[in-house]
Amino acid sequence: MRLNVLASLTVATFSFATAVFADVDDGIAFLDAGDVASAATEFAAAYEAGVPEGAFYLGRLFELGLGTEQDEMRAANLYSAAVDAGSVKAQVRLGLMYHEGRVLLRDYVEGSRLLCAAAEAGDADGQLNCGLAYQIGRGLPADDAKAVDYWQRSADQGNILAMNVLGQTALDAGDISAAGTHFKQAADLGNAGGMFEYAKLVSETHPVAAYSYANLAVVRGLSEAAVWRDQFEAGLSAADIEAGQAMARAWTEERILAEAE
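An account of the accompanying structure is given in this report. (Residues numbered from 1 in each chain as written. Predicted model: local features only at pLDDT ≥ 70, side-chain atom pairs only at ≥ 80, totals over all residues. Heavy atoms only, no water.)

1. Details of the state of the cysteines
Link 1 in the chain: In this structure the tally under the stated criterion is one disulfide.
Link 2 in the chain: The disulfide bridge from C116 ends at C130, spanning 2.1 Å between sulfur atoms. Taking the torsion about the S-S bond as the criterion, the C116 to C130 disulfide, at about 95°, is right-handed. In this pair, C116 sits in helix 6 (residues 108–120) while C130 sits in helix 7 (residues 124–136), placing the two residues 14 residues apart along the sequence. Like C116, the residue C130 is buried in the burial classification. (Disulfide = S-S within 2.5 Å. Helix = DSSP H or I, 4+ residues; strand = E, 2+ residues; numbered from the N terminus. Buried < 20%, exposed > 50% of the residue type's maximum accessible area, 1.4 Å probe, protein only.)

2. A look at the packing of helix 7 against helix 8 (residues 144–156)
Link 1 in the chain: In contact at an axis separation of 8 Å, helix 7 and helix 8 are set at 165° when each is read in the N-to-C sense. As far as their axial angle goes, helix 8 and helix 7 are roughly antiparallel. Here helix 7 runs over helix 8; the crossing is left-handed. Where helix 7 abuts helix 8, its residues A124, Q127, L128, C130, G131, L132, Y134 and Q135 lie against D144, K146, A147, Y150, W151, R153 and S154.
Link 2 in the chain: Looking at side-chain class alone, the contact of helix 7 with helix 8 contains eight nonpolar, four polar and three charged residues. (Axes fitted to C-alpha atoms, helices over the stretch in contact; angles between N-to-C directions. Parallel < 35°, antiparallel > 145°, perpendicular 65-115°, else oblique. Left-handed = near helix turned anticlockwise from the far one by under 90°. Contact = heavy atoms within 4.5 Å. Nonpolar A, V, L, I, M, F, W, Y, C, P; charged D, E, K, R; others polar.)

3. Re helix 13 (residues 223–233)
Link 1 in the chain: When we look at burial in helix 13, the residues that qualify are A225, A226, W228, R229 and F232.
Link 2 in the chain: Its buried side turned inward, helix 13 meets helix 11 (192–201) and helix 12 (207–219).

4. Focus: the pattern of salt bridges
Link 1 in the chain: Inspection of every chain in the model, using the stated rule, returns 11 salt bridges.
Link 2 in the chain: Connected through salt bridges with shared partners, the residues R60, E63, E72, R93, E100 and R102 form a single ionic network. (Salt bridge = Lys/Arg side-chain N within 4 Å of Asp/Glu carboxyl O.)

5. Here's the deal with the environment of V208
Link 1 in the chain: As for its position among the elements, V208 is in helix 12.
Link 2 in the chain: Residue class for V208 comes out buried when judged on its relative accessible area of 19%.
Link 3 in the chain: Taking C-alpha positions, V208 is 8.9 Å from E242, a pair spaced 34 residues apart along the chain.
Link 4 in the chain: Look past the residues within four positions of V208 in its chain and what remains in contact with it is D240, A243, G244 and M247.

6. Observations regarding the nonpolar core
Link 1 in the chain: Within the largest apolar cluster, 26 residues are counted, with the highest numbers of intra-cluster contacts made by M195, Y213 and W228.
Link 2 in the chain: The element best represented in this core is helix 12, accounting for seven residues.
Link 3 in the chain: The contacts of W228, once residues within four sequence positions are left out, are F196, A199, K200, S203, A210 and A214.
Link 4 in the chain: Counting residues in hydrophobic clusters, the runner-up holds 23 residues, among them V24, A55, A75 and L104. (Core = buried A, V, L, I, M, F, W, Y, C linked by side-chain atoms within 4.5 Å.)

Structure follows, in structure tokens:
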């Protein structure tokens with residue numbers, strides 16, 4: 001089933017379309033609250049009304065098996081319908097399914113076309129994955145400069161994975177300063193991977209900060225950081241250990257206050 005493109009809506013039906021978009025927002029709210037049945041009802045209503053994101057979110061429920069039996073092929077069909085109707089989110093997910101090649105026949109060219117179309121539309125996940133496609137030449141010519149450009153665009157929108165990819169790319173190129181900037185950006189947003197990489201990067205120049213960020217990475221579930229932290233702690237003075245722990249506590253308190261606002 002193909003959806004009609006929303007651009008065909010007239011002024012007379014615009015108010016109805018606005019109300020239907022609210023169904024998608026309501027569906028997301030229900031999903032966040034754990035009410036999958038009500039979320040599905042809202043997404044289905046939006047889908048039947050021709051709203052692209054309704055089809056996308058309904059597809060996600062089928063892909064993940066939330067509130068229904070998992071049906072990835074049905075999800076792919078819903079993503080395809082959503083793409084035809086203009087959903088950028090669906091372009092990303094369908095593009096990744098073509099790259100994965102489990103449900104759909106693996107097709108790097110079509111997958112990268114969809115991902116990069118979403119990237120050009122301004123989607124941060126599309127930019128991240130389009131950059132990865134350019135990095136390894138998957139479905140398009142390899143181009144490191146384009147890869148970095150897409151990752152930077154994604155990171156500028158707050159995509160933490162893009163920040164870490166930029167950090168690792170800079171580190172591989174020997175640009176320690178740029179790597180530290182990117183990893184710390186991810187770290188300060190609470191990402192355990194960014195915290196650990198930044199800790200290792202500044203361990204010689206800023207041992208107290210390194211110990212603090214490693215400590216934070218551990219409590220965020222990064223088990224490999226625990227071994228490194230304990231070994232690093234063994235070479236610190238009591239004063240540095242105390243300062244690093246105080247820094248970690250202060251970071252946590254600031255984070256809690258910021259999230260409460």
